[in-house]
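The chain contents come next:
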Amino acid sequence: MKNQIRVYAPATVANVACGFDILGFAVAAPGDEVVLRKRNQPGIVITKITGEQGQLPIEPEKNTAGVSVLQLLQHLGEQQGFEIELHKKMPLGSGLGSSAASSVASVFAANELLGNPLSREALLPFALEGERVACGAAHADNAAPALYGGFVLIRSYDPLDVIRIPTPKTLHCTLIHPHIEVRTEDARKILKKEILFKDAIVQWGNIAGLIAGLMLPDYELIRRSLQDVIIEPVRSILIPHFQETKQAALESGALGCSISGSGPSMFALSLSLRTAQKVGDAMQKCLENIEIESDVYISKINQEGPRILADGAA
Ligand code: HSE
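Residues numbered from 1 in each chain as written. Predicted model: local features only at pLDDT ≥ 70, side-chain atom pairs only at ≥ 80, totals over all residues. Heavy atoms only, no water.

1. So, the overall build of the protein
Heads up, the rule is: Only runs of H or I of at least four residues qualify as helices and only runs of E of at least two qualify as strands under DSSP, and these elements are numbered from the N terminus. The size measure is the radius of gyration over C-alpha atoms, and the globule rule it meets is 2.2 Å times the number of residues to the 0.38 power. Under the scheme applied here, a residue whose accessible area is under 20% of the maximum for its type counts as buried, over 50% as exposed, and between as partly exposed, the area being computed with a 1.4 Å probe on protein chains only. Any two residues whose heavy atoms approach within 4.5 Å are treated as being in contact. Here, Shrake-Rupley sampling with a 1.4 Å probe gives the accessible areas, and only protein chains in the shown set may cover a residue.
A count of helices and strands for the protein gives ten helices and eleven strands. Relative to the compact-globule value of 20 Å for 314 residues, the protein shows a C-alpha radius of gyration of 19 Å, a close match. Seen through its C-alpha atoms, the protein measures out along the principal axes to roughly 60 × 40 × 35 Å. Counting only residues that meet the buried cut, the protein has 55% of its 314 residues in that class. Taking as baseline every contact in the protein between residues at least 6 positions apart, the subset at least 24 positions apart corresponds to 73%. Entry remark: accessible area of the protein is about 13,200 Å², with carbon and sulfur atoms responsible for 52%.

2. Section: helix H1 (residues 64–76)
Note the following rule: Here, expected helix span is obtained from the residue count minus one, scaled by 1.5 Å. For the purposes of these results, a polar contact is taken to be a pair of N or O atoms within 3.5 Å, where, inside protein, one atom must be able to donate a hydrogen and its partner to accept one; residues adjacent in sequence count only when each atom of the pair is a side-chain atom.
In a regular helix each residue adds 1.5 Å, so 13 residues correspond to 18 Å; H1 covers 19 Å between its end C-alpha atoms and thus fits that length. Here H1 has its buried residues at Thr-64, Ala-65, Gly-66, Val-67, Ser-68, Val-69, Leu-72 and Leu-73. Where H1 is buried, its residues meet strand E3 (44–50), strand E4 (81–87), helix H2 (98–113) and helix H3 (124–135). N-capping of H1 is provided by Asn-63, with a side-chain oxygen placed 2.8 Å from the backbone N of Ala-65. Two residues or fewer past H1, Gly-77 is found with a positive phi of approximately 65°.

3. Some remarks on the side chain of His-139
Along the chain, His-139 turns up in the loop between H3 and helix H4 (143–148). His-139 sits in the buried class, given a relative accessible area of 7%. Sequence-distant contacts of His-139, defined by excluding residues within four places in its chain, comprise Asp-21, Leu-128, Glu-131, Tyr-157, Thr-184 and Arg-188.

4. Quick notes on the packing of aromatic side chains
Here is the rule: A pair of aromatic rings is counted whenever rings of Phe, Tyr or Trp (Trp by its six-membered ring) have centres within 6.5 Å, and the orientation is called stacked for planes under 30 degrees apart, edge-to-face for over 60 and tilted otherwise.
A full pass over the atoms with the stated rule returns three aromatic pairs. Judged by centre distance (4.8 Å) and plane angle (40°), the ring pair of Phe-25 and Phe-151 falls under tilted. Taken together, the residues span a long stretch of sequence, with Phe-25 in strand E2 (residues 23–39) and Phe-151 in strand E5 (residues 151–157) at a distance of 126 residues. A ring pair is formed by Phe-197 and Trp-204, whose centres lie 6.3 Å apart and whose planes are at 85°; its orientation type is edge-to-face. Judged by its relative accessible area of 62%, Phe-197 falls in the exposed class. Here Trp-204 falls in the exposed class, since its relative accessible area comes to 51%.

5. Points about the site of the ligand
Applicable threshold: Here a residue counts as near a molecule or strand whenever at least one of its heavy atoms sits within 4 Å of it. Ten residues, namely Ala, Val, Leu, Ile, Met, Phe, Trp, Tyr, Cys and Pro, are considered nonpolar, four, namely Asp, Glu, Lys and Arg, are considered charged, and the remaining ones, Gly among them, are considered polar. Per the annotation, domain bounds derive from an automatic or database assignment of domains.
Close contacts around the ligand come from Ala-14, Asn-15, Phe-20, Asp-21, His-139, Asp-141, Asn-142, Thr-184, Arg-188, Arg-235, Gly-261 and Ser-262, and that covers them all. The separation between a nitrogen atom of the ligand and a polar side-chain atom of Asp-141 is 2.7 Å. Residue Arg-188 places a side-chain N or O atom 2.7 Å away from an oxygen atom belonging to the ligand. For the ligand, the accessible surface in isolation is 260 Å², of which the surrounding protein chains cover 98%. Of the residues contributing to the shell around the ligand, the split by class is two nonpolar, six polar and four charged. Here the shell around the ligand spans two domains, since at least three of its residues come from each of domain 1 (4–165 + 302–309) and domain 2 (172–300).

6. What to know about a nonpolar patch on the surface
Which entries qualify depends on this criterion: Every patch collects residues that have over 30% relative accessible area and no salt bridge, joining them within 9 Å if they carry like charges and within 5 Å if they are nonpolar side chains (Val, Leu, Ile, Met, Phe, Trp, Tyr). By convention in these notes, a salt bridge is any Lys or Arg side-chain nitrogen within 4 Å of a carboxyl oxygen on Asp or Glu.
Taken together, the side chains of Ile-190, Ile-237 and Leu-238 present a nonpolar region at the surface, about 280 Å² in accessible area. You can see Ile-237 is positioned in the loop between helix H8 (232–235) and helix H9 (242–251).

7. With respect to the sheet that holds strand E7 (residues 172–178)
Stated formally: Here, any two strands with at least 2 DSSP bridges between them count as paired. Helix axes are fitted only over the stretch in contact, all axes being lines through C-alpha atoms; the angle between N-to-C directions runs from 0 to 180 degrees.
Spatially, the four strands line up as an open sheet ordered E8-E9-E7-E10, and their pairing is antiparallel. Of all strands in the sheet, those bounded by a partner on one side alone are strand E8 (256–259) and strand E10 (294–300). With direction set aside, neighbouring strand axes in the sheet form an average angle of 15°. Relative to strand E9 (residues 266–270), E8 is paired through four bridges, and the arrangement is antiparallel. When the sheet's bridge partners are listed, Gly-256 is paired in E9 with Leu-269. Packing against the sheet, H9 makes contact with E8 and E9, and its axis sits at approximately 155° to E8. Running at roughly 15° to E7, helix H10 (residues 273–288) makes contact with E7, E8, E9 and E10 of the sheet.

Below you can see the structure in the form of structure tokens.
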């Protein structure tokens, strides 16, 4: 019987331009790691958090990883307790799905140590409790792709209806993280409560086009559909040099470019590794011009989701 496990869960790009709260995909890196260890008493103890300069709460019910596992245990009526170590390998408030990576890694790890009582898909509602604690909204467009891998569509929240969308093989993602912080909660508050009917029609067309483009696959259709007329115009004001950086990505051959999740990270999709690298260089140069440092991550779409790094007897 396994007593401890170390699990990696990936960063994710939520919204994917036109799919606010309903579409996301996973990347290869960065990602968070958790170590879960069985303990002899019931309940959860967070024993260590690294990589976040003391910004995250250690109390399990306030911590995304802790609360997700607590909810899972409660649902299962399980008395087994766990110690959790959380190793943050990506910045908070980055738009990279940092909280989802932590909650997905921890529920996946707990389910493994309990002998997999639930399917991977059935873990999603517990990971979403982590999102609720992190930003006040249980949006699934980071947690679902972090858990399932690939592109994931949340067709409905009530009831939860989550669909994996096939990924064209040649797609590469460039992610750039400017060294500034935008809290998801704040980036949600500034959104308009009402939108124009004509904008909704454009957005519906684009999200349907993007899904069709991914499934066919049709790269020109993907290119035409990677447009966001509702969220990006509002949120881009939080990202210095957004338009110039986006323009640099498009001029370097990206199919499309927009805000990753609630920002400030930006993503671009390209048809080859070479183009994705060129796009990353151009975007980074653009931010350097205004003296903003950034990290660039380039990868194919991650089809795997969480990964067991090590397991065994404690
Ligand atoms: N859909 C969410 C938002 C993703 O844009 O607020 C947050 O990462």
